Amino acid sequence: MNAHPARAALGALGLVLLAAPAMAACNEPGALGTARVVRAERPRPDAPSPRFDARLGPREVALTFDDGPAPGRTEAVLDLLRKECIQATFFVVGRRAAARPDLLRRMRDEGHAVGTHTFTHGDLSKAEPQAAIRDAEQGIAAATTALGRRPGLFRYPSWKRTDAVDAWLAGNGQRAVYADISPADWRGDPAPESFERLRTRLEKRGRGVIVLHDVQEPTAELVRLLIDYLKRHDFKVVQIADG
């Protein structure tokens, strides 16, 4: 029997939408919560690109975090997300994951998706192809050791992709996840300053995959400001998860 055309189209994009995912009950009064999960199916080995498109609807955002884990700072972000029953996606740097595997396990146990962000956070576009692939592979290996399973989500440092790494990702079951909105909190600016950039960009787009950086001390406060804004303006949170 032939697949339904709409389902076939979704499968070709590596996209599965779950309107009512199985998530832990939220017992926090007034929590923002997570409205639904978008799962990234593993790409075919011959896929032309491993890039994943979350296809968010109006007033939907996905929260993603790069560069961690960082002791103290990642925990502060996780505490806020747990209080608000929000499931996010963390793209971890392999050398930091190897140093604090307990934080990756906490992410997993609290319902967050864990992807990888290379081992060194180097610029893959400036590395020799095999060195770039090795950096991506070692980052995945570090997360796999911590979690006991191989993550399937990947983010390029500074989103500087290469054809060689794209081909390797597709051939090894990895989806490359990008972002639509960045407040440039990686600079470590005070949270209100970063939030104003974020608010302006979110109001302009009306939806999007947001990238934040849990290695920066002000980011936890930025997350708090963002959650308050999302509640006041009736946004819904969508999680990007491994398929």
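The structure this text deals with has already been given above.
Worth saying up front: this structure is predicted, and the values here are computed from it rather than measured.

Caption draft 1: Main features of the packing of helix H4 (residues 101-109) against helix H5 (residues 129-147). Between H4 and H5, the shortest axis-to-axis distance is 8 Å and the interhelical angle comes to 70 degrees. Compared by their axis directions, H4 and H5 come out roughly perpendicular. With respect to the hand of their crossing, H4 and H5 are arranged in right-handed fashion. Mapping the contact onto sequence places Pro 101, Leu 104, Arg 105 and Arg 108 in H4 and Ala 143, Ala 146 and Leu 147 in H5. Here the residues of the contact of H4 with H5 sort into 5 nonpolar, no polar and 2 charged.

Caption draft 2: A look at the state of the cysteines. Scanning the model with the defined rule gives 1 disulfide in all. Covalent S-S linkage joins Cys 26 and Cys 85, the inter-sulfur distance amounting to 1.9 Å. Because the torsion about its S-S bond is 80 degrees, the bridge between Cys 26 and Cys 85 counts as right-handed. Of the two residues, Cys 26 sits in the loop between strand E1 (15-18) and strand E2 (36-40) while Cys 85 sits in the loop between helix H2 (73-83) and strand E5 (89-92), which places them 59 residues apart along the sequence. Given a relative accessible area of 36%, Cys 26 falls into the partly exposed group.

About the criteria used
Residues numbered from 1 in each chain as written. Predicted model: local features only at pLDDT ≥ 70, side-chain atom pairs only at ≥ 80, totals over all residues. Heavy atoms only, no water. Axes fitted to C-alpha atoms, helices over the stretch in contact; angles between N-to-C directions. Helix = DSSP H or I, 4+ residues; strand = E, 2+ residues; numbered from the N terminus. Parallel < 35°, antiparallel > 145°, perpendicular 65-115°, else oblique. Left-handed = near helix turned anticlockwise from the far one by under 90°. Contact = heavy atoms within 4.5 Å. Nonpolar A, V, L, I, M, F, W, Y, C, P; charged D, E, K, R; others polar. Disulfide = S-S within 2.5 Å. Buried < 20%, exposed > 50% of the residue type's maximum accessible area, 1.4 Å probe, protein only.

Read these as layout, nothing more, since geometry by itself doesn't imply function.
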